[in-house]
Amino acid sequence: MAKRTAADVLVDSLIEWGVDTVFGLPGDGINGIMEALRQQQDEIRFIHVRHEESAAFMACAYAKYTGRLGVCLATSGPGGIHLLNGLYDAKLDGQPSLRLPETPSTT
């Protein structure tokens with residue numbers, strides 16, 4: 001049996017919640033989550049953006065137009081801070097949104 005990581009559990013939970021799309025920008029701090037998303041790409045898709053702020057606004061727009069949970073992903077530090085404008089927009093409009101946390105490496 002393959003070793004399961006926290007990122008695998010996170011992605012499985014997203015799928016159970018009905019999430020089918022994650023918007024984000026890969027980075028070293030989230031390699032585990034990126035691999036878990038790659039392994040589950042038949043059930044959940046990852047939309048690669050050029051800037052973290054775009055990911056948050058896309059997740060907000062996705063929530064507004066579909067009524068589903070909008071999910072954005074970025075690495076720690078400045079990447080996480082760049083998500084704030086889009087997440088605050090979702091908050092002000094009462095839209096469901098989630099920022100995925102950085103998970104520790106399991107190497």
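It should be noted that the structure appears before, not after, this text.
Anyway, here's the lowdown on the structure attached to this text. (Residues numbered from 1 in each chain as written. Predicted model: local features only at pLDDT ≥ 70, side-chain atom pairs only at ≥ 80, totals over all residues. Heavy atoms only, no water.)

### Overview of the overall build of the protein chain
Step number 1: A count of helical and extended segments in the protein chain gives 5 helices and 4 strands.
Step number 2: Mapped from its N terminus to its C terminus, the protein chain presents α and β elements in the order α-β-α-β-α-β-α-α-β.
Step number 3: Against the compact-globule benchmark of 13 Å for 107 residues, the protein chain has a radius of gyration of 13 Å, which places it among compact chains.
Step number 4: With the principal axes as the frame, the protein chain shows a C-alpha extent of 45 × 30 × 20 Å.
Step number 5: Here the contacts in the protein chain between residues at least 6 apart in sequence split such that 73% fall between residues at least 24 apart. (Helix = DSSP H or I, 4+ residues; strand = E, 2+ residues; numbered from the N terminus. Rg over C-alpha atoms; globule rule 2.2 N^0.38 Å. Contact = heavy atoms within 4.5 Å.)

### Here's the deal with the state of the cysteines
Among covalent bonds in proteins, the disulfide is the one between the sulfur atoms of two cysteines.
Step number 1: All chains considered together, the criterion is met by 0 disulfides.
Step number 2: Unpaired in this structure, Cys-60 has its nearest cysteine sulfur neighbour in Cys-72, at a distance of 9.6 Å.
Step number 3: Classification of Cys-60 as buried rests on a relative accessible area of 1%.
Step number 4: Classification of Cys-72 by relative accessible area gives buried; the value is 0%. (Disulfide = S-S within 2.5 Å. Buried < 20%, exposed > 50% of the residue type's maximum accessible area, 1.4 Å probe, protein only.)

### A look at the side chain of Glu-52
Step number 1: Structurally, Glu-52 can be placed in helix H3 (residues 52-66).
Step number 2: No salt bridge is formed by the buried Glu-52, whose closest oppositely charged neighbour, Arg-99, lies at an N-O distance of 9.6 Å.
Step number 3: A polar contact of 3.2 Å, which involves the side chain of Glu-52, links it to the side chain of His-82.
Step number 4: Beyond its immediate stretch of four places on either side in the chain, Glu-52 contacts Leu-25, Ala-74, Gly-79, His-82 and Leu-83. (Lys, Arg positive; Asp, Glu negative; His and termini not counted. Salt bridge = Lys/Arg side-chain N within 4 Å of Asp/Glu carboxyl O. Polar contact = N/O pair within 3.5 Å; in protein donor to acceptor, adjacent residues only side chain to side chain.)

### Some thoughts on the sheet that holds strand E2 (residues 45-48)
Within a sheet, neighbouring strands are paired by backbone hydrogen bonds and run either parallel or antiparallel to one another.
Step number 1: Spatial ordering of the open sheet is given by E2-E1-E3-E4, a layout of 4 strands whose pairing is parallel. Each end of this open sheet is capped by a strand with a single partner; those strands are E2 and strand E4 (97-100). Averaged over all pairs of adjacent strands, the angle between their axes in this sheet comes to 30°, without regard to strand direction.
Step number 2: Packed on one face of the sheet, helix H2 (residues 31-39) meets strand E1 (21-24), E2, strand E3 (70-73) and E4 and runs near 130° to E3. (Pairing = 2+ DSSP bridges. Axes fitted to C-alpha atoms, helices over the stretch in contact; angles between N-to-C directions.)

### What to know about the environment of Gly-94
Step number 1: Summarising the element assignment, Gly-94 is placed in the loop between helix H5 (84-92) and E4.
Step number 2: Owing to a relative accessible area of 61%, Gly-94 belongs among the exposed residues under this scheme.

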